[in-house]
Structures are given as structure tokens and as C-alpha cells.
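Listed here are the chains, written in short residue letters.
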Amino acid sequence: MKVAKTIDDIRRLVADARVGGAGLVGLVPTMGALHEGHFSLIDAAAGECDFVVVSIFVNPTQFAPNEDYRSYPRPVKNDLSGCESHGVGAVFAPSAGEMYPDGFAAAVSVSGLTETMEGNCRLGHFGGVCTVVAKLFNIVGPDVAYFGAKDYQQAAVIRKMVADLDMPLRIAVCPTVREADGLAMSSRNAYLDDDERTQSPVLYESLQLAERLIREGERNAASVIESVRSLLADNAPLGKADYVAIVDPDNLAAVEEIKGDVVVALAVKFPSARLIDNMRVDVPKANR
Ligand code: PAF
């Protein structure tokens, strides 16, 4: 496994791999602090592609000034050995200066899909995500890029960017990987203290509650949201719900009456970490 810190070096490694016969190049964009969720993306990439690149870059432009850019975990050695043991061909780990040299002035944005949920709570976040992901796609030139379903809105925004800007690659979205008690894996879980960690499985439990209510025939989104909010308030008193939303899976518009498949999404702010999770609930045609 090779590690490239510059754009020229990673381009050379990918070009060499292609000359050496790699037909499909896969990219797994990450901010490091790799966990089983990331490794499931890397394994999916390794299963489908001839050469896998993992980017490790804590992207400053997607953090608001009050967020955790400085304290974001950066366990570089562990990340590199994890990549090596999962069959990664090359890691791209640039500095902030390599990605955003002095005078950098471009930005990529996607409207509409970014104006709800995470986009409402984290102003400027998706502009930073789209800009860095567009740069990574241009730098690495992958055939397939892998993202996790835990960041449902991020995946939808990136798909839209790729479609609208005619970027020549496929976006693969892989299922959320969970701890045994249901907590979705996230690099930020490490911030939780013991009490917060004990309460954190309620995010998944509340999504399961929403799913059960919808399957049992509840069609009023506001009433499902109210039940979810009260479960969160009862079982995670240390957390504060930033939002609980029921949205259309494609355009992310809020749904009032549940007539088809929906995504239930939520964000809960604990004192030490803000967690997000979501679940797609498919409503069979016969039950609509
Ligand atoms: O999901 C993430 O870790 C980041 O948002 C991404 C896609 C690597 C861009 O910095």
C-alpha cells in the first residue's frame, strides 16, 4: 500500500495502477478515525474494484467555526494499518494547504437538497462537502465512489452533484453499520461519555418505533414525529433533538401524509457529540 500526500503523487499512483491493468478504480472518501463503517465501504470497494484509494482528509471547509475541526480525532497510524489490512492500494492523505492553497476561491454547491435537515443545522456544511468531494473526484478520477447510508442527505447531495455536473463515475451507497446495541458507527461516538453512550441507542430505537408505527398504518407524519420526540426525551434526557424529519427519499421534501416510501431522519445533540441517524421505511403499494 502506498501513501500519497500530494495531488501529483496520488495521480501518478492511480495512473500507474491503470497502466498495470486496473480497470475499475474505487474511491472511499473519509476524514479518518476509521471504524467498521468505513471498513465496510472499503471492503465493498475492494470487492468490486481492481484498485482502491482511500482519502483521509479532515476537511476544514465543512466545519462551522463552533464545530470540532481542531479536536476531530486523527489516529493516523491506526488508520493506515486498517487500510493496509483491508486491501487498499493507495491512501491519499493531503495537508489542508495541498487541498486549499493560498488564493483558493472556488466552491461547488447544490441547492434544494441542502436546504433541510443537516443543511439547516450546519450552515455551509454541504458547500464544504461538495467542494472537497468534487476535488477528490477530479484528483483521483475514480470509476466508483463509496459513501455510507448513515449520512443519507450527504449521499443524496453528492449523487445530485455528480448527475448535474456530468461527473463520470458511479456513487455506491452502503448500509449503515451499527454497534450491537444499535448505535450507528461514527468517528464522533468516541466523544460520548459513559452516560451519553448509555442513552445513545435511543436514536436507533426511535427510528424502529417510527418504522413500526408506519407499518402498523400511521399515515400522519407529525404524529410519528411526536412519538419519536417523546421517546427521545424520555430515554435520552442528556440529548436534545436538533430535528426529527420524515422526508421523501429522493427530493428530501418534508412529507405530511405518508403515502409511499419515506426516510425518517434525526439529529440529537449530546453535550459531547452530535449524532445523526436515519432509516428508510418502504411502504408496500398495497398499504399506501
Ligand atoms: O462523510 C465524510 O466523512 C465527509 O463528509 C467526506 C465525504 C469524507 C467529505 O469530507
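Here's what I pulled together on the structure shown here. Sequence order sets the numbering: in each chain, residues are counted from 1 along the sequence as written. Local features in a predicted model are, by the rule used here, given only for residues with pLDDT of at least 70; side-chain atom pairs are given and counted only at 80 or more, and totals for whole chains, interfaces and linings are based on all residues. Hydrogens and waters are ignored; side-chain quantities use all the structure's heavy atoms.

Here we look at the overall build of the chain
Working step 1: Counting from the N terminus, the helices are the DSSP runs of H or I reaching at least four residues and the strands are the DSSP runs of E reaching at least two. Looking only at helices and strands, one finds 10 helices and 9 strands in the chain.
Working step 2: Against the 2.2 N^0.38 benchmark of 19 Å for 288 residues, the chain shows a C-alpha radius of gyration of 19 Å, consistent with a compact globule.
Working step 3: Judged by the C-alpha coordinates and their principal axes, the chain covers about 55 × 45 × 40 Å.
Working step 4: Working definition: with a 1.4 Å probe on protein chains only, accessible area under 20% of the residue-type maximum means buried, over 50% means exposed, and in between means partly exposed. Scored against the burial criterion, the 288 residues of the chain give a buried share of 51%. Just to be clear, the radius of gyration here is over C-alpha atoms, and the globule rule we use is 2.2 Å times residues to the power 0.38.

Quick word on the pairing of strand S6 (residues 170-174)
Working step 1: Two strands qualify as a pair provided that DSSP identifies no fewer than 2 bridges between them. Inspection of the sheet shows strand S5 (residues 144-148) paired to S6 by 5 bridges, in the parallel sense. Of the residues in S6, the one forming a bridge with Val144 is Arg170.

Things to note about the site of the ligand
Working step 1: Taken together, Pro29, Thr30, Met31, Asn59, Gln62, Val132, Val133, Phe147 and Gln154 make up the full set of residues near the ligand.
Working step 2: For the purposes of these results, a polar contact is taken to be a pair of N or O atoms within 3.5 Å, where, inside protein, one atom must be able to donate a hydrogen and its partner to accept one; residues adjacent in sequence count only when each atom of the pair is a side-chain atom. In this structure, an oxygen atom belonging to the ligand sits 2.6 Å away from a side-chain N or O atom of Gln62.
Working step 3: Here an oxygen atom of the ligand sits 2.7 Å away from a polar atom, N or O, in the side chain of Gln154.
Working step 4: Areas reported here follow the Shrake-Rupley algorithm with a probe of radius 1.4 Å; residue values treat only the protein chains shown as occluding. Bound to the protein, the ligand loses 88% of the 290 Å² it would expose on its own.
Working step 5: Among the secondary structure elements, those contributing two or more residues to the shell around the ligand are strand S2 (25-30) and helix H6 (125-140).
Working step 6: A breakdown of the residues in the shell around the ligand according to their chemical character gives 5 nonpolar, 4 polar and no charged. Here a residue is considered near a molecule or strand provided that any single heavy atom belonging to it is located within 4 Å of it. Residues are grouped as follows: Ala, Val, Leu, Ile, Met, Phe, Trp, Tyr, Cys and Pro are nonpolar; Asp, Glu, Lys and Arg are charged; every other residue, Gly included, is polar.

Observations regarding the sheet that holds strand S9 (residues 274-281)
Working step 1: Strand order across the open sheet formed by 3 strands is S7-S8-S9, with antiparallel pairing between neighbours. Strands at the two margins of the open sheet, each flanked by one partner only, are strand S7 (240-247) and S9. Strand after strand, the sheet turns through a mean of 10° between neighbouring axes, direction not considered.
Working step 2: Across the sheet, helix H9 (residues 202-215) is in contact with strand S8 (262-269) and S9; its angle to S9 comes to roughly 25°.
Working step 3: Relative to the sheet, helix H10 (residues 221-235) contacts S7 and S8, its axis offset from that of S7 by approximately 155°. All axes here are fitted lines through C-alpha atoms, helices being fitted over the stretch that makes contact, and every angle between N-to-C directions spans 0 to 180 degrees. Contacts were defined at the residue level, with two residues in contact if any of their heavy atoms lie within 4.5 Å.

Section: the sheet that holds strand S3 (residues 51-56)
Working step 1: The strand order across the open sheet built from 6 strands is S1-S4-S3-S2-S5-S6, with neighbouring strands paired in parallel fashion. Edge positions in the open sheet fall to strand S1 (2-4) and S6, since each of these has one partner strand only. Between one strand and the next, the sheet's axes are offset by a mean angle of 25°, whatever the strand orientation.
Working step 2: As paired strands, S3 and strand S4 (residues 90-92) are joined by 3 bridges and run parallel to one another. Residue pairing for S4: Val53 is matched across the bridge by Ala90.

Brief notes about H9
Working step 1: Compared with an ideal rise of 1.5 Å per residue, which puts 14 residues at 20 Å, H9 spans 19 Å between its outermost C-alpha atoms and is within 8% of the ideal.
Working step 2: Among the residues of H9, those classed as buried are Val202, Leu203, Ser206, Leu207, Leu209, Ala210, Leu213 and Ile214. Buried positions in H9, seen along its axis, are confined to an arc of 155° and lie on one side of it.
Working step 3: Looking at the buried side of H9, the elements it contacts are helix H8 (194-199), H10, S8 and S9.
Working step 4: Immediately beyond the C-terminal end of H9, within one or two residues, lies Gly217, with a positive phi of roughly 115°. Given the number of residues in a helix, its expected span is that number minus one, multiplied by 1.5 Å. To be clear, the arc concerns the directions from the helix axis to the C-beta atoms.

Overview of the packing of H6 against helix H7 (residues 152-164)
Working step 1: Where H6 meets H7, the closest approach of the two axes is 11 Å, and the angle between their N-to-C directions is 55°. Regarding the angle of H6 to H7, the classification is oblique. The way H6 lies across H7 gives a crossing that is right-handed. From H6, Phe126, Val129, Cys130, Val133, Ala134 and Phe137 reach across to H7, where they touch Gln153, Gln154, Val157, Ile158, Met161 and Val162.
Working step 2: Split into classes, the residues belonging to the contact of H6 with H7 amount to 10 nonpolar, 2 polar and no charged. We call two directions roughly parallel when the angle between them is under 35 degrees, roughly antiparallel when it is over 145, roughly perpendicular when it lies between 65 and 115, and oblique otherwise. Here is the rule for handedness: rotate from the far helix to the near one, and if that takes an anticlockwise turn smaller than a right angle the crossing is left-handed, while a clockwise turn gives right-handed.

Focus on the layout of surface pockets
Working step 1: What the second largest pocket holds in volume is close to 300 Å³.
Working step 2: Sort the elements by how many residues they give to the lining of the second largest pocket and helix H3 (residues 76-85) lands first, with 3 residues.
Working step 3: Its residues assigned to classes, the lining of the second largest pocket shows 14 nonpolar, 2 polar and 3 charged. Grid points spaced at 1 Å over the protein atoms alone were grouped into cavities, where a 1.4 Å probe fits but cannot get out, and pockets, open sets with protein on both sides within 12 Å along at least five of seven lines, with lining residues defined by an atom within 4 Å of a point. Grid points are joined across faces, edges and corners, and a volume is the space filled by probe spheres set on the points.

As for the nonpolar core
Working step 1: The biggest cluster of nonpolar side chains holds 48 residues, and the ones touching the most others in it are Ile10, Val53, Phe92, Phe137, Ile158 and Met161.
Working step 2: Here this core gets 10 residues from one element, more than from any other, and that element is H6.
Working step 3: Every residue in contact with Phe92, bar those within four places of it in the chain, is listed here: Ala4, Lys5, Thr6, Ile7, Ile10, Val53, Val54, Ser55, Ile56, Met99, Leu136 and Ile139. In this text, buried Ala, Val, Leu, Ile, Met, Phe, Trp, Tyr and Cys residues form a nonpolar core when linked through side-chain atoms within 4.5 Å.

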